[in-house]
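Coordinate analysis (summary)
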Amino acid sequence: MTDSSREPTWVGQLEKELSSSTAKILKPGTEGYDESLKRFNGAIEKRAPAVVMVKSDEDIATTVKFAVSNEVLLVVKGGGHTISGGSSTDEGIVVDLSQMRGVQINKETREIVAQGGCLWEDVDVAAAAEGLVTVGGTVNHTGIGGLTLGGGYGYLSGLYGLTIDNLLRVKIVLADGSCLVASETENPDLFWAVRGAGRGFGVVTEFVFRAHPAPASVWAGMLGFTMDKLHALIAAFNEVAGREDPRACLSFGFATPPGSNVVMPLALPVYFGTEEESKAFFAPFFALEPTMNSTAVLPSYTAVNSLLNPMAKHGGRKNGGGSNFTLPLNADKVSDIFQDFNRFVLANQGSIEAVFIFEAWPNNKIREVSNEAMAFSNRGAYHNVATSMKWEDPALDDEFREFNRNFLKKIGREMGIDGAASGQKGEGSGIYANSATAEYTPQEIYGRNSTKLKVLKKKYDPGNIFSPAKMVSLTHM
Ligand SMILES: Cc1cc2nc3c(=O)[nH]c(=O)nc-3n(C[C@H](O)[C@H](O)[C@H](O)COP(=O)(O)OP(=O)(O)OC[C@H]3O[C@@H](n4cnc5c(N)ncnc54)[C@H](O)[C@@H]3O)c2cc1C
């Protein structure tokens, strides 16, 4: 039974509008509605008056035109992994892309054609069947939509750059309901904007990625250490990360494993090579006698992107974000920041799963492209830091968010480019759009590109339908 007493009048009109389409509308009380509201971050789940399960570009165009002409707020849901709520609403329409997850592989042209609602697992598995890969997310249940439109870092970034560096073209439904192709040659200004600020410009119904031959061997796993090794670990990290080998990805940080409140130093080494090569490359870590070691040769690239899935489960209240650091890391500063993190975790015993990691992924390939080539503006001589926290009690929301905000600011200031004198900051903004919380301005995220973005936004989405004013005006996480 539907709850029509509190249903806004526009819902009935939308149903009429879509009655001869392939879309299905889910409303409170209808089967599948509650399931459709689920997000990776349970804290941002909202009860939308209408969730439109679209199946075609036409369904999307009709829904977008309806939202514009009836002034109804509209959000788009891809994989549902945004932390800050950009794919949920309690007053408008959700365009849910989860029925659009088809993938086609063109082996001759080495192209992966993926519908806008795919998860990375869909792409990884379909490409692997043809012996191909592309730069995708490291947790394979994230959506290709949000991840690609903000930039996209993956374990293959050292070899092939960002996800957007491998994006050949998109099909996109704009605010006026038209569906365009955007590429280097067709609507190139829109393609420029899509690569980094895409979610502020339309609904991407199809992504076409460049594919590469699957690596012959993938080695990866988790190494755990005791805290007394911290200074030696930082020395090992600086040595290994400083090599900038494009086949290696090294993440190092601190985490409370599920069900525990003991913070452990952890390393996640990934190497596209044999076991022998990998172990030799990461030898400085093995010399420190890890107390936990799950490294092994994996069956495929697809497997490495599911390695972190057990630590990234849906549900609970979550927060996360990003900052930056420069190499080499200073062990005393890492120790100090660890104390902040540990104090917070201990003060919230039993209610928290927390991670913060320094992602020393080689970025020479990423930096071959200039910050002006696309809207994305986070290419520079620094690396990303990421945090993730999970708790259950809604009363703790503000406390967690404030801690995370201040913690990340401190890292950027003391270990990254944020504290550097302006002349030494180099090119990138230091902020990855997909990690930026709502308080960041477009200028902070996109630097000089924000001026051009504003002009393009006026051209393609003058009514700002794709990023309501209450969120960051050009983009949101
Ligand atoms: C567990 C986890 C692991 C992550 N790992 C990585 C990683 O390895 N590399 C990396 O770069 N980032 C990573 N991220 C960050 C990730 O890129 C963002 O959270 C991203 O927003 C997720 O996209 P989504 O489609 O799943 O989310 P959604 O919440 O569905 O969407 C996010 C935003 O994109 C918009 N959007 C989604 N699809 C479309 C579309 N087709 N057309 C137009 N707009 C669309 C939505 O409206 C929303 O504003 C990770 C995040 C999490 C939570």
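Keep in mind that this is a model prediction, so the values were computed, not measured.

Each value, and the rule that gives it
Residues numbered from 1 in each chain as written. Predicted model: local features only at pLDDT ≥ 70, side-chain atom pairs only at ≥ 80, totals over all residues. Heavy atoms only, no water. Helix = DSSP H or I, 4+ residues; strand = E, 2+ residues; numbered from the N terminus. Buried < 20%, exposed > 50% of the residue type's maximum accessible area, 1.4 Å probe, protein only. Areas by Shrake-Rupley, 256 points an atom, 1.4 Å probe, with all protein chains shown as cover. Lys, Arg positive; Asp, Glu negative; His and termini not counted. Charge placed at Lys NZ, Arg CZ, Asp CG, Glu CD. Domains from an automatic or database assignment. Contact = heavy atoms within 4.5 Å. Buried area = accessible area lost by both parts, 1.4 Å probe. Salt bridge = Lys/Arg side-chain N within 4 Å of Asp/Glu carboxyl O. UniProt positions renumbered as here; feature names shortened; annotations may be inferred. Arc of directions from axis to C-beta. Near = heavy atom within 4 Å. Polar contact = N/O pair within 3.5 Å; in protein donor to acceptor, adjacent residues only side chain to side chain. Nonpolar A, V, L, I, M, F, W, Y, C, P; charged D, E, K, R; others polar. Core = buried A, V, L, I, M, F, W, Y, C linked by side-chain atoms within 4.5 Å. Pairing = 2+ DSSP bridges. Axes fitted to C-alpha atoms, helices over the stretch in contact; angles between N-to-C directions. Phe/Tyr/Trp six-rings, centres within 6.5 Å; stacked < 30°, edge-to-face > 60°. Lys NZ or Arg CZ within 6 Å of the ring centre and 35° of its normal. Left-handed = near helix turned anticlockwise from the far one by under 90°.

Quick look at the overall build of the chain
- Counting its regular elements, the chain contains 15 helices and 20 strands.
- When its C-alpha atoms are laid out on the principal axes, the chain stretches across 65 × 55 × 45 Å.
- Going through the 477 residues of the chain one by one, you find that 58% of them count as buried.
- As displayed, the chain has an accessible area near 18,900 Å², and 51% of this comes from carbon and sulfur atoms.
- If you average the places of the 45 positive and of the 54 negative side-chain charges in the chain, the two averages end up 2 Å apart.

Points about the domain arrangement of the chain
- Assigned domains within the chain: domain 1 (9-96), domain 2 (103-214 + 441-460) and domain 3 (218-435).
- Each of domain 1 and domain 3 was reduced to a C-alpha centroid, and the two centroids are 35 Å apart.
- Across the boundary between the two partners, domain 1 contributes seven residues, which contact ten residues of domain 3.
- Of the roughly 640 Å² buried where domain 1 meets domain 3, counting both sides, 60% is carbon and sulfur surface.
- The largest share of the area that domain 1 buries against domain 3 comes from Phe40, Ala43 and Ile83, three residues that together contribute 70% of it.
- Applying the counting criterion to the domain 1 and domain 3 interface returns zero salt bridges.

Topic: the UniProt feature "domain: FAD-binding PCMH-type" (unreviewed entry) in the chain
- According to UniProt, the positions carrying the feature "domain: FAD-binding PCMH-type" (unreviewed entry) are residues 44-214.
- Structurally, residues 44-214 is divided into 25% helix and 26% strand, and its ends, taken at the C-alpha atoms, are 37 Å apart.

Examining helix α1 (residues 9-17)
- Three or more residues of α1 are buried, namely Trp10, Val11 and Leu14. Viewed along the axis of α1, the buried residues span an arc of 105°, placing them on a single side of the element. Exposed residues pointing more than 90 degrees away from the buried face of α1 are listed as Thr9 and Lys16.
- Elements in contact with the buried residues of α1: β1 (24-26), β2 (50-53), α3 (57-69) and β4 (93-96).

What to know about the site of the ligand
- Near the ligand, the surroundings consist of 31 residues, among which Val76, Gly78, Ser87, Thr138 and Tyr432 are the closest.
- Between an oxygen atom of the ligand and a main-chain N or O atom of Gly78, the distance comes to 2.7 Å.
- Within the backbone of Val204, an N or O atom sits 2.9 Å from a nitrogen atom of the ligand.
- In isolation the ligand exposes 940 Å². Once the protein is present, 92% of that is buried.
- Where the shell around the ligand is concerned, the elements lending two or more residues are β3 (74-77), α5 (144-150) and β10 (203-210).
- Of the residues contributing to the shell around the ligand, the split by class is eleven nonpolar, 18 polar and two charged.

Considerations on the nonpolar core
- Residues Tyr155 and Phe201 are the most contacted members of the largest nonpolar core, which totals 66 residues.
- The dominant element in this core, judged by the number of residues it contributes, is helix α7 (residues 188-197), at six residues.
- Apart from the residues lying within four places of it in its own chain, the contact partners of Phe201 are Ile172, Leu174, Leu190, Ala193, Leu453, Leu456, Lys457, Tyr460 and Phe466.
- Judged by nonpolar contacts, the second largest core, of 45 residues, contains Leu223, Val263, Met389 and Ile411.

Details of unusual backbone geometry
- The amide bond that connects Leu327 to the next residue, Pro328, takes the cis arrangement and shows omega of -5°.
- With respect to the helices, strands and loops of the structure, Pro328 is situated in the loop between β18 (317-325) and α12 (331-347).
- Backbone geometry places Glu71, a non-glycine residue, at a positive phi of 50°.
- Checked against the element boundaries, Glu71 lands in the loop between α3 and β3.
- A positive phi angle, close to 45°, is found at Asn187, a residue other than glycine.
- Looking at where Asn187 falls in the secondary structure, it is placed in the loop between β9 (179-183) and α7.

Observations regarding the sheet that holds β1
- Spatially, β1-β2-β4-β3 is the arrangement adopted by the four strands of the open sheet, whose pairing is mixed. The sheet is open, and its two edges are formed by β1 and β3, each paired on a single side. Sheet twist, expressed as the mean angle between neighbouring strand axes with direction ignored, is 25°.
- Strands in contact with α3 are β2, β3 and β4; relative to β4, the strand with the most contacts, it is inclined by about 165°.

Notes on the sheet that holds strand β5 (residues 103-106)
- Strand order in the open sheet made by the five strands is β5-β6-β10-β8-β9, with antiparallel pairing throughout. Each edge of the sheet is formed by a strand with only one pairing partner; in this case those strands are β5 and β9. Here the average twist between neighbouring strands, direction ignored, is 15°.
- With respect to the sheet, α7 is in contact with β8 (167-173) and β9, its orientation differing from that of β8 by roughly 100°.

Quick look at the packing of aromatic side chains
- This model, assessed by the stated rule, comprises 27 aromatic pairs.
- Taking 4.8 Å as the distance between ring centres and 85° as the angle between the ring planes, the aromatic pair formed by Tyr153 and Tyr432 counts as edge-to-face. One end of the pair, Tyr153, is in the loop between α5 and α6 (157-160); the other, Tyr432, is in the loop between α13 (397-415) and α14 (442-446), and 279 residues separate them in sequence.
- Taking relative accessible area as the criterion, Tyr153 reaches 14% and is therefore assigned buried.
- Residues Phe237 and Phe325 carry aromatic rings whose centres are separated by 6.1 Å and whose planes lie at 45° to one another, so their mutual orientation is tilted. On the criterion of sequence distance, the pair formed by Phe237 in helix α8 (residues 230-241) and Phe325 in strand β18 is long-range, its members being 88 residues apart. For the pair Phe237 and Phe325, a shared accessibility class is recorded, and that class is buried.
- Over the face of the ring belonging to Phe281 we find Arg243, whose NZ or CZ atom lies 4.7 Å from the ring centre.
- In this structure, Lys318 is placed above the aromatic ring of Phe40, and the distance from its NZ or CZ to the ring centre is 3.8 Å.

As for the packing of α1 against α3
- Where α1 meets α3, the closest approach of the two axes is 10 Å, and the angle between their N-to-C directions is 145°. Crossing hand, α1 versus α3: right-handed. On α3, the residues that touch Trp10, Gln13, Leu14 and Glu17 of α1 are Thr62, Thr63 and Phe66.
- For the contact of α1 with α3, the per-class residue count stands at three nonpolar, three polar and one charged.

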